[in-house]
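Structural description and commentary
Chain by chain, the residues run as shown.
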Amino acid sequence: MPSSVPPATEEPAIQVLGRAFAVLDVLARNPDPMQLKDIGAATGLHPSTAHRILSDLVVGGLVERVDAGTYRLGMRLLEYGNLVKARLSVRTAALGPMRELHRLTHQPVNLSIRQGDEIVYIERTYSEYSGMQVIRSVGGRAPLHLTSVGKLFLAADDAPRVRAYCLRTGLAGQTRNSITNAQQLERELSKVRVEGFARDNEELEPGVRCMAAGIYDDSGELVAGLSLSAPADRLMEDWLDKVQATAQKISAALGHKGPRR
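Throughout what follows, the structure given in this document is the object of discussion. (Residues numbered from 1 in each chain as written. Predicted model: local features only at pLDDT ≥ 70, side-chain atom pairs only at ≥ 80, totals over all residues. Heavy atoms only, no water.)

For the rest of this paragraph, the subject is the sheet that holds strand E6 (residues 141–143). One open sheet holds the six strands; their spatial order is E6-E5-E4-E9-E8-E7, and the pairing between them is antiparallel. Because the sheet does not close on itself, it has two edges, and the strands there are E6 and strand E7 (198–201). On average, each strand axis in the sheet is tilted by 30° relative to the strand beside it, whichever way the strands run. Here strand E8 (residues 208–216) runs beside strand E9 (residues 222–231); their pairing, made up of nine bridges, is antiparallel. Within the sheet, the bridge partner assigned to Gly214 lies in E9 and is Gly225. (Pairing = 2+ DSSP bridges. Helix = DSSP H or I, 4+ residues; strand = E, 2+ residues; numbered from the N terminus. Axes fitted to C-alpha atoms, helices over the stretch in contact; angles between N-to-C directions.)

In the contact formed by helix H2 (residues 36–43) and helix H3 (residues 47–59), the axes pass within 9 Å of each other and the chain directions differ by 105°. Taken together, H2 and H3 sit at an angle that is classed as roughly perpendicular. Only Pro47, Ala50, His51 and Leu54 of H3 make contact with H2, whose side of the interface consists of Leu36, Ile39 and Gly40. (Parallel < 35°, antiparallel > 145°, perpendicular 65-115°, else oblique. Contact = heavy atoms within 4.5 Å.)

In this section: the pattern of salt bridges. A full pass over the atoms with the stated rule returns 13 salt bridges. Note that Asp117 and Arg168 form a salt bridge whose closest N and O atoms lie 2.6 Å from each other. You can see Asp117 sitting in the loop between strand E4 (109–115) and strand E5 (118–125) and its partner Arg168 sitting in helix H6 (residues 159–169), a full 51 residues away along the chain. In the salt-bridge network here, residues are joined through shared partners; they are Lys151, Glu188 and Glu203. (Salt bridge = Lys/Arg side-chain N within 4 Å of Asp/Glu carboxyl O.)

Regarding H2, the residues found buried are Leu36, Ile39 and Gly40. An end-on view of H2 places all buried positions within 100° of arc, on one side of the element. Positive backbone phi, at 80°, marks Gly44, one or two positions downstream of H2. (Buried < 20%, exposed > 50% of the residue type's maximum accessible area, 1.4 Å probe, protein only. Arc of directions from axis to C-beta.)

Summed over the entire model, instances satisfying the criterion amount to zero aromatic pairs. Note that Arg124 overlies the ring of Tyr121, its terminal NZ or CZ placed 5.0 Å from the centroid. (Phe/Tyr/Trp six-rings, centres within 6.5 Å; stacked < 30°, edge-to-face > 60°. Lys NZ or Arg CZ within 6 Å of the ring centre and 35° of its normal.)

Right, let's get into the nonpolar core. Counting 26 residues, the largest nonpolar core has Leu111, Met211, Ile215, Ala224, Leu226, Leu228 and Val243 as its most contacted members. Ignoring anything within four residues of it in the chain, the contact list for Met211 reads Ser148, Ala198, Arg199, Leu226, Ser227, Leu228, Leu235, Met236, Trp239, Leu240 and Val243. Counting residues in each nonpolar core, the second largest holds 23 residues, with Tyr165, Leu171, Leu185 and Leu204 among its members. (Core = buried A, V, L, I, M, F, W, Y, C linked by side-chain atoms within 4.5 Å.)

A separate point is the pairing of E7. Alternating residues of E7 divide into Ala198 and Asp200, all buried, and Arg199 and Asn201, none buried. Across four bridges, the pairing between E7 and E8 is antiparallel. Looking at the pairing, Asn201 lines up with Arg209 of E8. Taking the residues that link successive antiparallel strands as the turn, the E7-E8 hairpin has six residues, and the phi of Glu202 there is positive, at about 55°.

The antiparallel open sheet is built from three strands, whose spatial order is E1-E3-E2. A single partner strand is all that each edge strand has here, and the edge strands are strand E1 (34–35) and strand E2 (63–67). With two bridges connecting them, E1 and strand E3 (residues 70–73) associate as antiparallel partners. Each bridged residue has a counterpart across the sheet, and for Gln35 the counterpart in E3 is Thr70. On top of the sheet, H3 reaches E2 and E3; it is set at about 110° to E2, its chief contact.

So this is what it looks like as structure tokens:
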């Protein structure tokens, strides 16, 4: 079918994205896999243009090629959707308890999730009275092995996944206290598994220590971590009970009823 728009190679990037969104929308409206010619007809794209876009979407996992010339939405969209859902529900459940923990300790309280080999800070409560400069704001990232929350996620992985993480990242350090070899990391993770919480002893930022507890959803999966940060010489051990109790309260709000997995 003739195309009403020029070929993709002649378009600016924003038009390419618009066409990709149109293809995804068409696939989303149809529960069954669609033929290339039908996708082209529904989007107004020439089959060759639709094919190029679909091929790139297949590479990215956003579209799945069922048979030759037949496509449906890919599983990566489900992963993204679950991630967004988890972020929204965890953040909503965590805000109140985080503020209460901050009120009790007057120290920064962080909510983080895992994305690949890093944690991402999705919420934070702090004030100028904490005596500590906040370096990583909401949206900031940090390596798993250098953070208390990151260690929680690594501890939830099996040994082959932990080894693969070590190989991918090289366990680069940022301070003299950073864990930079696999044996030391495994010892640390074994301790986390036994104790049920994790620490960062000036491993990410000099002069800053953290303690963290996991947040679990209704299926018992670790979906986020709650951490409290403080100047290294002011972190109080009795705050750990408060961190754990707060994480349990958030987990309960997410429907978690049993022991963590």
